[in-house]
Each structure stands twice: as structure tokens, then as C-alpha cells.
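Survey of secondary and tertiary structure
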Amino acid sequence: MSTQVPEQTEEESSADTESQSQSQSAAQQARMQKKRDRAAERDRQKEAEEAEKASSEDDTYLLKVFRYDPEVEGKQKPRFDEFHVPYHQGMTVLDALMYARDEYDSSLTFRHSCRQAVCGSDALFVNGRQRLGCKTQLSDLEEPVRIEPLPHQEVVKDLVVDMEHFYDQMHAVEPYFQTNDLPEGEQLQSRENREKIKMSTRCIWCGACASSCNIAAGDNKYLGPAAINKAYRFTMDEREGEDMKEHRMEILEQEHGVWRCQTQFSCTEVCPKDIPLTEHIQELKREAVKNNLKFW
Amino acid sequence: MHEHDVIVVGAGGAGLRAAIAAQEEGADVAIVSKLHPVRSHTGAAEGGINAALREGDSWEQHAYDTMKGSDYLGDAPAIETLCQDSPEEVIQLEHWGLAFSRDEDGRMSQRPFGGMSFPRTTYAGAETGHQLLHTMYEQLVKRGIQVYDEWYVTRLAVSDEEDPTERDCHGVVAYDIKSGGLDAFHARDGVILATGGPGQVFDHTTNAVANTGDGPAMAYRAGVPLEDMEFIQFHPTTLPSTGVLITEGVRGEGGILYNKDGERFMFEHGYANNDGELASRDVVSRAELTEVNEGRGIEDEYVHLDMRHLGEERIIDRLENIVHLAEDFEGVDPLEQPMPVKPGQHYAMGGIETDENGETCISGLYAAGECACASVHGSNRLGGNALPELTVFGKRAGRHAAGGDLGTAKIETGKRGDWEVGEVDTPVEPGDVSAPGEDVVADGSGGTAASSGGSLSPDEYVQRALDVERERVQSLLEKEEGRQHAEIRADVQKSMTRNVNVFREESGLKQALRDIRDAREKYEDVYVADKSSTFNTDLIQTIETRNVLDLAEAITLGALARDEFRGAHWRRENQERRDEVWLKHTMLSWEDGRPDLWYRPVVLEGENKTYEPKVRSY
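All figures in this text were calculated on a predicted structure; none of them were measured in a lab. Here, residues in each chain are numbered from 1, in the same order as that chain's written sequence. Here the convention is simple: chains get letters from A, ligands get numbers from 1, in the order in which they are written. For this predicted model, a pLDDT threshold of at least 70 governs which residues receive local features, and a threshold of 80 or more governs which side-chain atom pairs are given and counted, while totals over whole chains, interfaces and linings are taken from all residues. Heavy atoms throughout the structure, all of them, feed into the side-chain values; hydrogens and water do not.

Helix and strand counts for chain B stand at 15 helices and 22 strands. The globule rule used here is 2.2 Å times the number of residues to the 0.38 power, and the radius of gyration it is set against is calculated over C-alpha atoms. Its C-alpha atoms give chain B a radius of gyration of 23 Å, near enough to 25 Å, the size a compact globule of 618 residues would have. A buried classification covers 69% of the 618 residues belonging to chain B. By definition, residues are in contact when any of their heavy atoms lie within 4.5 Å. Counting only contacts in chain B whose residues sit at least 6 apart along the sequence, the fraction spanning at least 24 positions is 75%. For the accessible areas, the method is Shrake-Rupley and the probe is 1.4 Å, while residue cover comes only from the protein chains on display. Of the accessible surface of chain B, which amounts to about 18,500 Å², a share of 42% is contributed by carbon and sulfur atoms. Positive: Lys, Arg. Negative: Asp, Glu. His and the chain ends are not part of the count. Where a charge lies is defined by one atom per residue type: Lys uses NZ, Arg uses CZ, Asp uses CG and Glu uses CD. Computed over 61 positive and 113 negative side-chain charges, the inter-centroid distance for chain B is 2 Å. A run of DSSP states H or I qualifies as a helix once it reaches four residues; a run of E qualifies as a strand once it reaches two. Both are numbered from the N-terminal end. The rule is simple: take the accessible area with a 1.4 Å probe, protein chains only, and divide by the maximum for that residue type; under 20% is buried, over 50% is exposed, in between is partly exposed.

Right, let's talk about the interface of chain A and chain B for a bit. Contacts between the two partners involve 67 residues from chain A and, on the opposite side, 71 residues from chain B. Both sides of the chain A and chain B interface together cover about 5,800 Å² of buried area, and 47% of this is carbon and sulfur. In the sections that follow, a salt bridge refers to a side-chain nitrogen of Lys or Arg positioned within 4 Å of a carboxyl oxygen of Asp or Glu. Here chain A and chain B share twelve salt bridges between them. For glutamate 320 of chain B, the salt bridge is made with lysine 198 of chain A, and the minimal N-O distance between the two is 3.4 Å. Any pair of nitrogen or oxygen atoms within 3.5 Å is treated as a polar contact; in protein, a donor-acceptor pairing is required on top of that, and neighbouring residues in sequence qualify only through side-chain atoms on both sides. Counting the contacts that link chain A with chain B gives 41 residue pairs in polar contact (both at pLDDT 80 or more). Among the secondary structure elements, those contributing two or more residues to the side of chain A that touches chain B are helix 2 (24-55), helix 3 (93-103), strand 6 (155-157), helix 4 (164-172), helix 5 (191-198) and helix 8 (224-235) of chain A. For this classification, the nonpolar set comprises Ala, Val, Leu, Ile, Met, Phe, Trp, Tyr, Cys and Pro, the charged set comprises Asp, Glu, Lys and Arg, and every other residue, Gly included, is treated as polar. For the side of chain A that touches chain B, a count of residues per class yields 28 nonpolar, 16 polar and 23 charged. Two parts placed together each lose some accessible area; with a 1.4 Å probe, that loss summed over both constitutes the buried area.

Looking now at the sheet that holds strand 10 (residues 226-227) of chain B. Residue and element names in this part refer to chain B. Two strands are said to pair when DSSP picks up at least two bridges between them. In spatial order, the strands read 17-15-10-21-22-18; together these six strands make up an open sheet with mixed pairing. Of all strands in the sheet, those with a lone pairing partner are strand 17 (372-373) and strand 18 (420-421), marking the two edges. Axis definition: a line fitted to C-alpha atoms, over the contacting stretch in the case of helices. Angles run 0 to 180 degrees between N-to-C directions. Contacting strand 10, strand 15 (351-353), strand 21 (584-591) and strand 22 (594-601), helix 5 (residues 214-222) crosses the sheet at an angle of about 70 degrees to strand 21.

Here we come to the layout of surface pockets. Of the pockets and cavities examined, the largest pocket occupies roughly 1,200 Å³. Put simply, the grid is 1 Å and covers the protein atoms alone, a cavity is a trapped set of points that fit a 1.4 Å probe, a pocket is an open set with protein on both sides within 12 Å along at least five of seven lines, and lining residues have an atom within 4 Å of a point. As for the largest pocket, its lining consists of 35 residues, and the residues nearest its centre are Asp95, Met98 and Asp102 of chain A together with Asp203 and Gln493 of chain B. When the residues that make up the lining of the largest pocket are grouped by side-chain class, the tally is twelve nonpolar, 14 polar and nine charged. Grid points are joined across faces, edges and corners, and a volume is the space filled by probe spheres set on the points.

Before going further, it helps to examine the confidence of the model for chain B. Note: pLDDT gives the predictor's confidence per residue, expressed from 0 to 100. Across chain B, the average pLDDT comes to 95, with 97% of residues at or above 70. Overall fold confidence for the complex sits at a pTM of 0.93, while the interface term, ipTM, reaches 0.94.

What follows is about the pattern of salt bridges. Residues and elements named next belong to chain B. Throughout the structure, instances matching the rule amount to 91 salt bridges over all chains. Among the salt bridges present, the one from arginine 102 reaches glutamate 94, with a minimum N-O distance of 2.7 Å. On the basis of relative accessible area, arginine 102 is assigned to the buried category, the value being 3%. Assessed through its relative accessible area of 0%, glutamate 94 is described here as buried. Among the ionic pairs, arginine 308 bridges to aspartate 306, the shortest N-O distance being 2.9 Å. Residue classification places aspartate 306 among the buried residues on the basis of a relative accessible area of 7%.

Here the focus is the side chain of threonine 586 of chain B. Residues and elements named next belong to chain B. You can see threonine 586 is positioned in strand 21. For threonine 586, a relative accessible area of 3% puts it in the buried group. At a separation of 3.1 Å, a polar atom in the side chain of threonine 586 contacts the side chain of arginine 562. Once residues within four sequence positions are removed from consideration, threonine 586 is found in contact with Leu226, Glu227, Asp228, Glu230, Gly558, Arg562, Leu597, Trp598 and Tyr599.

Remark: nonpolar core denotes a set of buried residues (Ala, Val, Leu, Ile, Met, Phe, Trp, Tyr, Cys) joined through side-chain atoms within 4.5 Å. Grouped together as the largest cluster of nonpolar side chains are 163 residues, with contacts concentrated most on Leu138 and Ile147 of chain A. In this view, isoleucine 147 of chain A contacts Leu63, Lys64, Val65, Phe66, Phe80, Val93, Leu97, Leu124, Phe125, Val126 and Leu159 of chain A; residues no more than four positions away in its chain are not counted. Within the second largest apolar cluster, 85 residues are counted, among which are Val160 of chain A together with Met218, Cys361 and Phe503 of chain B.

Residues and elements named next belong to chain B. The sheet built from three strands is open, its strands ordered 3-5-4 with antiparallel pairing. Each having just a single partner strand, strand 3 (49-50) and strand 4 (110-111) make up the two edges of the open sheet. Pairing of strand 3 with strand 5 (residues 121-122), which is carried by two bridges, proceeds in the antiparallel orientation. Residue pairing across strands places asparagine 50 opposite threonine 121, the latter belonging to strand 5.

Another aspect to go through is the UniProt feature "domain: Succinate dehydogenase/fumarate reductase N-terminal" (unreviewed entry) in chain A. UniProt annotation of "domain: Succinate dehydogenase/fumarate reductase N-terminal" (unreviewed entry) refers to residues 63-167 of chain A when read in the numbering used here. Across residues 63-167 of chain A, helical content stands at 14% and strand content at 29%; the span's end C-alpha atoms are separated by 30 Å. UniProt positions are given in the numbering used here, feature names are shortened, and annotations may be inferred rather than shown by experiment.

Residue and element names in this part refer to chain B. The N-to-C vectors of helix 12 (residues 485-499) and helix 13 (residues 506-523) enclose an angle of 175 degrees; their axes lie 9 Å apart at closest approach. Comparing their axes, helix 13 and helix 12 come out roughly antiparallel. From helix 12, Glu487, Ile488, Asp491, Val492, Ser495, Met496 and Asn499 reach across to helix 13, where they touch Gly508, Leu509, Gln511, Ala512, Asp515, Ile516, Ala519, Lys522 and Tyr523. Residues of the contact of helix 12 with helix 13, tallied by class, amount to eight nonpolar, four polar and four charged. Each angle gets one of four labels, with under 35 degrees taken as roughly parallel, over 145 as roughly antiparallel, 65 to 115 as roughly perpendicular, and the rest as oblique.

Pairing of aromatic rings covers Phe, Tyr and the six-membered ring of Trp, with a centre-to-centre limit of 6.5 Å; geometry is then stacked below 30 degrees between planes, edge-to-face above 60, and tilted otherwise. Counted by the stated rule, this structure contains 17 aromatic pairs over all chains. Residues tryptophan 151 of chain B and phenylalanine 185 of chain B carry aromatic rings whose centres are separated by 5.4 Å and whose planes lie at 85 degrees to one another, so their mutual orientation is edge-to-face. Within this pair, whereas tryptophan 151 of chain B is found in strand 7 (residues 151-158), its partner phenylalanine 185 of chain B is found in strand 9 (residues 182-193), the two being separated by 34 residues in sequence. The burial state of tryptophan 151 of chain B is the same as that of phenylalanine 185 of chain B; both residues are buried. Connected via pairs of aromatic rings, a cluster forms that spans Phe166, Tyr167 and Trp205 of chain A together with Tyr137 of chain B. For a Lys NZ or an Arg CZ to count as sitting over a ring, it must be within 6 Å of the ring centre and within 35 degrees of the ring normal. The ring of phenylalanine 80 of chain A carries the charged tip of arginine 146 of chain A above its face, separated from the ring centre by 4.3 Å. Over the ring of tyrosine 123 of chain B we find arginine 111 of chain B, and its NZ or CZ is 3.8 Å from the ring centre.

Glutamate 143 of chain A connects to proline 144 of chain A through a cis peptide bond whose omega is -10 degrees. Assignment of secondary structure puts proline 144 of chain A in the loop between strand 4 (129-132) and strand 5 (145-148). Notably, aspartate 158 of chain A is not glycine yet its phi reads approximately 45 degrees, a positive angle. You can see aspartate 158 of chain A is positioned in the loop between strand 6 and strand 7 (160-161). Accessibility expressed as a relative area gives 2% for aspartate 158 of chain A, which makes it buried. A positive phi angle, close to 60 degrees, is found at tyrosine 72 of chain B, a residue other than glycine. As for its placement among the helices and strands, tyrosine 72 of chain B is situated in the loop between helix 2 (59-69) and helix 3 (76-95). Judged by relative accessible area, tyrosine 72 of chain B falls into the buried class, the value being 1%.

The next point concerns the environment of methionine 163 of chain A. Along the chain, methionine 163 of chain A turns up in the loop between strand 7 and helix 4. Each residue touching methionine 163 of chain A, except ones within four places of it in the same chain, is listed here: Arg111, Trp205, Cys206 and Gly207 of chain A together with Arg39 of chain B.

Residues enter patches when they are more than 30% accessible in relative terms and free of salt bridges; like-charged ones are connected within 9 Å and nonpolar ones (Val, Leu, Ile, Met, Phe, Trp, Tyr) within 5 Å. A cluster of acidic side chains, namely Glu242, Asp243, Glu246 and Glu250 of chain A, defines a negative patch on the protein surface. By secondary structure assignment, the location of glutamate 250 of chain A is in helix 9 (residues 242-252).

Next up, the structure:
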């Protein structure tokens, strides 16, 4: 199957090799810089908006929220409900949804728990993009704020989607550490190696990436960015031996594995934990190519 | 009816560890959880996991620090077990692949934490809990352990002998959130509660919205005592607008606290002349609030936590997560500015009374993790001691429930042995608005519910619990109008934060009891507006709110009874520790719909030594 390596992948590979040669911390610093720029931009915007708000009397936000309930007559036909939510500084999309639910309509349904971007349960489609409700500031969004369930997933009710398929794909890559020879005490791991897998371990299983991926939408069997990233986390961990690495590569090289990725970067763009998903997938493709060229 | 040997309720760190241990002991085990496991609140833990791993350190030193940190209200057999078992558990997590931060030589890094005499906090950046939760869930997948996720356990199936210590737990009743069906789960060998903390009792908390104290409330109503509920830990560094946690690791790495005048107040105002920012959490929380109350706070609300001098490289290496949290949730870039912080509710030291094997006074009912009180934290938990608690006691509960031999426990549970009657003056009658008789009422009170008038088989007890619960849910859904849970819950949360916070006084505590009474009366009229049987969060939250009420009341009653200052519990009228009277645990038992207060002495005798209470200074 590796004979079908698309041209574009090889180009990507060489580009990636370059970025790979830079140290991980440089890549991280670049991400941090991007974040800082974004924050500065946000500050400027906020100041401008606040000045504008102070002059107008209207300090509510208009939400347009997707509604659907298969059980209740009159709610079986999908629709959008409008909620006017009073704004306070720092208010997030999740805060606004909770306000709408607690004050206006207690049947408004969505998953949420930690409200600090680590439980991964409130991934939503907000103004046309996958985001975590809890870490999305209302002030970063254009009005009306349109809130929908994650696309390409079956809707259970209102903003709640069925995550079963996502979980199945995560489980399909044998997502657990496997090694045959364990020492008595701790295994050693180099700082460099820990650094290499660090970003991949940050996944919170929110499903934003899979929902944003065109390929995953069209191919139900494709492992998808989150599961491949999970496999990356173990494949690249030096504490697992070479045998296991080969076994993991076999899983990843299957027909619906890494080769399905068309490097559109949408997963990387929406990941709320800044995991370089596309980079990880490309790196695994390179590994696969290297493996298949071993007869040389 | 589902049937398993061991049923674990909750899928955070303690629940996952318990399930793995039970399965290793040969049991058919299943987890029932209202969240999918990876959504559990353990994932939000940041700082690290304490274990005496290195030369120069020892479990004995860890135990001494923990006993001192507890302000001598921890039970020595539990603390010693924690400190003895923790190194093995940390190595186990490493063997399961947990990506701990590493030193140059490839060993797991350790860093200093408050109240610890050795840098023994092993960590994975500032996301240790996330790594721990996912690593353990991976092991669950590997072992094929069955998980009923998004199933909300609402009742325990317990037999109804007069004396709780003679009762047996046979299973649980759970509500399938996706389909709206109730079902029974018969546990042949044991039920393990691992439902986490009750942070939602307060409105400024680091806890997840799901942390509503379901386990302790159910166990309490079924006859298990709640222990030391007044001891609520307020974490000194939470973001003011959201309650999001800024790990103690920031101070461990050298972060500094400043007041409005730029003074390093921990030293300059003499709160902790030796340890400064790394004094115990209760000490730092009080220092911060004192600064604010005396007009040296910023915007009369918070203080500053500064880590800029640590340098970008070190911050990114060890505390990167904090940069993102401060930016996303407070709009502050901590590489450029100090972070605003104030104390917020963080952890409940008290909970379901268990012995050091995780067992309660009801046979076959276990608890582990934050919902439990094996009494390892006493009146104040040291940072980095919650994660070893999860693994050590999760594992022990799992093994014991599955029939493993852990030896006889040294800590007694239930009203047995050495206990004394307690008394407290309350401004209003605590407990149910109308004490339940034979009738099933929609608010979930009634504990073991209708008396059987004779003993039933285990299956019949489980079936009876299911019937009772069906009626309760039905009546909540059938009611067409009344009060909504959100209003009731918010009123209680506000009152608790106002009156049962870091600083407490008698009048405030009494006011909180009146507010809770008021909320109970409103709850009599609660109804669920959403009639759907699909993902009905309105119904779930209504049931949770009843649990919040019971726990808020238990916390406040304990706080009112304990007229001394110990650990996290400070009373305006009684500002000293009174060992001659109060070297004892506050216990509350639910009897006929009313809380009954009693006490049990602290166990200070350890394996080879007795811990002598000393003045706690930092």
C-alpha cells in the first residue's frame, strides 16, 4: 500500500524534516509567540470593544443555539433558538450557555464539566469552527454567536453528540503502554524523548479534530487525527521497544490509517491544546516509508 | 438487572485504580460513572504526586510531614499506609507509561511543595492529573474492564437493619443518561464509591461542575457516617474570575506573592518567616485574605503571584500549562505580568468514613479518593498528597472488595468502640423538612427507604431500591410546576461562600444553616421542566442539588460544632487549637432524616511511634 504515497506527502515530508531539525522548544516558542500575538491582538480588540460598549446601552450577547430533541414532540424538528445573555467581562461561550439554561430554558442541553479546558466535554461548533465552549471568550466572536453541535457526529439532543465512534477509533490503536522487559524500579527516559512526545500526551479527547477533518467525515473507518496522535504518543516513546514500534506501525499503515490524511491541517487549526496533529501524522508517514525501504 | 462482583461508582483516579486492582484480584468488575472516564475531575489536578523515592528521603519523613500538615487530626495508620505504599504506586504509574517530567539523568523529576521537608513531589509538567487519568484509563482499555459511562448512580441498595454497622450493601441503582432508563446493578462482592469532591457546595471553586458530592450524600443517607466535614481546603492560588487553579508548583519553583504595595507579605508581615510562600495552604490562604481585609489587596479582592523572574525557559519546561490557563481564563500573560490570585474552595478533607482498607461500617461498601475520609489529611491536606491518596486507597479498596486479604484494619468505623455523643446548638432544625416515614418522597431522602419488615435476599434489596428510585424520578418528572434546582443551588453556594469560607464566625455559620433550611423548604417544591428521556441534564442536576444540600449542611454543622482553630478551620471567636478537647473527629450520622453528631478520638499511634502534637509553625 505504500506505493500509493501521494506526491504531496513527500513534499510535506521534506518540509517537515526541516522543522523537525529545529529543536522542539523552538517550535514551542513559536507557538507561544503566536499565542502572545493573539493575546495582544485580543487586548486591543477588547479595549476597542469596551469603549464601544460603554457608549452603547446594549451589553447583551445574542446567541443562536441549535435545538433538537428526538423524544419531545415539537422539538423533533431541528431549529435555532435565540437567547439574549447579559455580558460581563471574561464571559465564555460556556458561561453564556449556562446562563441561558439556568435563567431561560432548563431543557437546553450540553455537556460540560471542568470549565478549564481539560475534561474535553464541551467541544462545540461556534461561529463555524470547532472550539471548547469554556475557553472561548464571547468577546472574540462576532454576533450573533451561532452555537451548534460538532459537525459529522450524530446529534443526541441539542448540543450533545454521540461520541461512541470517536471512542472506538481511539481504542482501535491499542492506546496503552506496552513493553516486555520492565526494570525493578523506574524506567529511564531522556528529557529529549519526553519532550518529543509531550504535546501528543496533551490530548483531551474532545473530538474537535475529528469533527473538522474532511477525510474522517467521508471515511468512517479512517482512524482520524486524535487516534493517530494517540498512537504517535506510544510509537515515539523510547520506553517501548523496537518490536512494539513495528507492531504499532502495522496498525498505522493499514488502509484506513495514516495514508488517508491529506494534510489539510484543519485538525491542527482547531485543536484546543495546540497539538501539532498534522505534523505528527506526517512524521508517522515518514516512519512508514523508512520501514518499507528497509530492503535497501 | 446487571450483575458483577465489584461495582465501582465514579471513574476518576480512585475509581480507575480500584477497578484495575479488583480485576487483578480476579473479580468481574464494572465501572458506573456519570461522566466518560477521561472527563473526570482528576484530569484537572496539576501539581504532582508525593512519594519518598530518593536517597535521603523516607516514608517516615513523608508521614511526619503529613501528620504535622494535618494539624494532628490525621489517623496514623492511614497516613503511614499512604506514605509506605505511595512509592510503589508511582513506580507502577511509570511502568504504565505515564510521561513524568525527567531529570538530566532520565529519572523522574521531583520538586518541593508546601509543608514538605524534602522535594518529593513527582510531576508531569503542570498537568500531572491529566497524565495520571489518561494513563490509568489506558490500562482499563487494555484490560477490557467494562464501563457504563454516562450512567448516573442515584441510590445504594443497602439492607435495613436498625444498626448501620450490621447493614450490607448489595448494589446500586443508576439512571442511563442517554436513554432515560433506570436500572439496577447487583454487586456480589462490593460497591466502591469513588465519586470525587463536593466543590459545587461553594460558588468559587476549582472543582468541576460535576463535583456535587453524590457519593458521600448517598452513603450518608444509607447510614455511613460522614467524618470531619468542616475541613474544607481553600487553595491560595485560584484565578479570581473563574476559580481556575494555579498550581502550588508555581510557588514550588520559586513564585512570589506580593500585595498592593509590592511587599512580599508572607515574610514582611510575618505569616511564615521560614517557609514564606511554601507554608501550608491554610496558612497562605489566611495570609492573603488578611492582606485583602486590611486594605493591602488589589482591587480589594486579590493578591499577585509573580513567576516572571523564573525565566521563560523554566516556566515553559515546568509550568507551561499555567501560562495558557492565565491567558485563556484571566487574560493575563504571566510571562509579562504577575497573575491575580485569591483563595478558592479546592478540596474536602472530610468525607465518607473509611478505615485504611477503604471499607465503611456497612459491609460491602467501600470508598476511596476525595469522597472518602480514611483520615490521611486531617484538618489540612498538603499539596501533592491527593494523587497518592487516589492510587493507594483506590487500589486497597479494589483489592479488599474483591476478596484480597489486607489484614485487620486498625481504624474503627461506625459507632463501635470508643466514641462520644456530641451536641451543637442550631438556629433551625437540620435534616429533612419532614422526616420520612414509610412513604417514598421525590427528594431522595429516606435512606434505606421502606422497611422490609424482615430480611430480604440481596436481589430483593436491589430490586426494592430500583422501585423506590423509579417512583422518585417519576414524581419529579410528573410535577408540572414549582421551583427550579438552579435557583436553589445558587442560593446555597452563595451562602456557603459568604459564611463558611476561610474565616468563619458563629453568626455566619448559623446564617448558613438558616439559608440551607430555606433551600430545603424550596426543594420540597422542586420540579423538572424538561420532560425528555434523552440526556435530561435538568433531571440529573435536580437530583445532584439534593446532594449539595445535605453536604452543605454537614459541612456547616461540623464547623459550628468545632469551636477551635485547627488546620483549615478558623473561628473568629476561638483562635487557638485546643488539643485537650478537640483531638477528635467530628462525625455525622443520618438517622431518621436527621443528622446525629458524635465524636471519635484521633489515632496517633503509628506502627513504631506515636505522633506527639506540636505547635505548627512554618
